[in-house]
Amino acid sequence: MTSASPASPSRSGSGLDPVLAFTIPFTIIAWAASFPAIRAGLAGFGALELAALRFALAGLPAALFLVATRAGLPDRADIWRFLVGGIVFIALYAILLNLGQRVVPAGAASFIINTNPIMTAALAMAILGERFSLRAWAGTALAFAGIGVIALGNGLDLDVGASVLLILGAAFCNAITTVVQKPLFARHKPLVVAAWNMAIGGLALSPFLPGALAEIPAAPAQALWAVAWLALVSSVVAYGTWAVTLSRLPAARAANFQYCVPPMAMAISFIWLGEVPGTLGIVGGVMALAGVVIVNLKPNA
């Protein structure tokens, strides 16, 4: 579950201060736990209904934050960028990820989602004319080969293949929003952008909210607690701690900590849901993660 775009750091010291010592591990754990939480939530709710209930609960405090801070309405030239954040990054991302995780285990899904930096780099190449080196193409090939191994480890049939594509679609939603919303951070605070994203996303998902409310009485307690975690911890609080992290570290260094999310998600999935990763799942996950790291290595690294 990554932020739409980094903010400009206000501090770039080499050490981690006490604030970062809290915000970094909290964000990693909150986002890693969101993958098993989605699996748990799907035990009581449909994929679309789970997304709607999550961001109804997250969107309300986000809207209240905008009112309390007198954020004001976006400029006319920026409205479409905020709409992309709410509709693509929040609503469509949540729907695609939830649909995919009906079949794909939580740990595997987290490795697939973590390919979004590769997609962002490819979009930057296509839209901004940035170069994509031979090393970057090799990393891309390795990452997507890893996703293929993950799919194979889950039984390569039509359902698994379609589910993997849905999760890749969710990662692409993240990448699109990174490129589209990047200019906003020169004019708006990260928390304001995140709040608008959640508020708009909750509104976009509201047609599915009546169905979610109807499913609540029959939902098991674990599914209800999972929704609460997704809304309040993985969304509202974690976006805040990530924004603080971005404001105190260079963006590239902060982003490197997101590589901890997939292995942490796999560990939490094992403890919470009893999902035991197979050999192919582990190998594919390592390949996918290594490919992302290779793509993001600096030329002089």
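Model, not experiment: these values are computed from the prediction. (Residues numbered from 1 in each chain as written. Predicted model: local features only at pLDDT ≥ 70, side-chain atom pairs only at ≥ 80, totals over all residues. Heavy atoms only, no water.)

### Some remarks on the overall build of the chain
Helix and strand counts for the chain come out as 13 helices and zero strands. Here the chain holds 301 residues, and 50% of them are scored as buried. For the chain, the proportion of contacts with a sequence separation of at least 24, taken over those separated by at least 6, is 91%. Summing over all exposed atoms, the chain offers an accessible surface of approximately 13,300 Å²; the carbon and sulfur share of this is 71%. (Helix = DSSP H or I, 4+ residues; strand = E, 2+ residues; numbered from the N terminus. Buried < 20%, exposed > 50% of the residue type's maximum accessible area, 1.4 Å probe, protein only. Contact = heavy atoms within 4.5 Å. Areas by Shrake-Rupley, 256 points an atom, 1.4 Å probe, with all protein chains shown as cover.)

### Overview of the nonpolar core
Membership of the largest hydrophobic core comes to 90 residues, with the highest contact counts inside it found for F35, L97, I112, I113 and V164. Among the elements that make up this core, the one with the highest residue count is helix α3 (residues 79-100) (twelve residues). Excluding residues within four positions of it along the chain, I112 makes contact with V104, I147, I150, V164, I167, L168 and A171. (Core = buried A, V, L, I, M, F, W, Y, C linked by side-chain atoms within 4.5 Å.)

### Structural notes on the side chain of T177
Residue placement: T177 occurs in helix α7 (residues 158-181). At 2.8 Å, the side chain of T177 forms a polar contact with the backbone oxygen of C173. (Polar contact = N/O pair within 3.5 Å; in protein donor to acceptor, adjacent residues only side chain to side chain.)

### Details of the packing of helix α2 (residues 47-68) against α3
Running from amino to carboxyl end, α2 crosses α3 at an angle of 140°, the nearest separation of the two axes being 8 Å. As far as their axial angle goes, α3 and α2 are oblique. Judged by the twist between their axes, the crossing of α2 over α3 is right-handed. Two secondary-structure elements touch here, α2 through A47, L48, L50, A51 and F55 and α3 through I90, A94, I95, N98 and L99. Of the residues belonging to the contact of α2 with α3, the class tally is nine nonpolar, one polar and no charged. (Axes fitted to C-alpha atoms, helices over the stretch in contact; angles between N-to-C directions. Parallel < 35°, antiparallel > 145°, perpendicular 65-115°, else oblique. Left-handed = near helix turned anticlockwise from the far one by under 90°. Nonpolar A, V, L, I, M, F, W, Y, C, P; charged D, E, K, R; others polar.)

### Comments concerning the packing of aromatic side chains
For the coordinates displayed, the defined rule picks out six aromatic pairs. Within the aromatic cluster, the residues linked to one another by ring pairs are W31, F89, Y93, Y239 and W242. (Phe/Tyr/Trp six-rings, centres within 6.5 Å; stacked < 30°, edge-to-face > 60°.)

### So, the pattern of salt bridges
In the structure shown here, the tally under the stated rule is two salt bridges. When the shortest N-O distance is used, the salt bridge between E275 and R39 registers 3.0 Å. Separated by 236 residues along the polypeptide, E275 in the loop between α12 (261-273) and α13 (279-296) and R39 in helix α1 (residues 18-41) bring together distant segments of the chain. Judged by relative accessible area, E275 falls into the buried class, the value being 15%. (Salt bridge = Lys/Arg side-chain N within 4 Å of Asp/Glu carboxyl O.)

### Some words on the packing of α3 against α7
Where α3 meets α7, the closest approach of the two axes is 8 Å, and the angle between their N-to-C directions is 165°. Looking at the two axes, α3 sits roughly antiparallel to α7. Note that α3 runs across α7; the crossing there is left-handed. Split by residue class, the contact of α3 with α7 holds 16 nonpolar, seven polar and one charged.

### What about a nonpolar patch on the surface?
A grouping of I79, L83 and I87 is seen on the molecular surface, where their side chains present a nonpolar patch of about 230 Å² in accessible area. Within the secondary structure, I87 is located in helix α3. (Patch = residues over 30% accessible without salt bridge, like charges linked within 9 Å, V, L, I, M, F, W, Y side chains within 5 Å.)

### Overview of helix α6 (residues 134-153)
Compared with the 28 Å implied by 1.5 Å per residue over 20 residues, the 29 Å span of α6 between its first and last C-alpha is a close match. Among the residues of α6, those classed as buried are A136, G139, T140, A143, G146, I147, V149, I150 and A151. (Expected span 1.5 Å × (residues − 1).)

### Observations concerning the environment of G107
Inspection of the secondary structure assignment puts G107 in helix α4 (residues 106-113). Note on G107: relative accessible area 4%, which makes it buried. Setting aside anything within four residues of it in sequence, one finds G107 in contact with A265, M266, S269 and E275.

### Some remarks on the environment of A63
Looking at the element boundaries, A63 is found in helix α2. You can call A63 partly exposed: its relative accessible area is 29%.

### Side note on unusual backbone geometry
The phi torsion of most residues other than glycine is negative, and most of the peptide bonds are trans. In this model, R70 sits at a positive phi of 50°, which is unusual for a non-glycine residue. With respect to the secondary-structure elements, R70 resides in the loop between α2 and α3.

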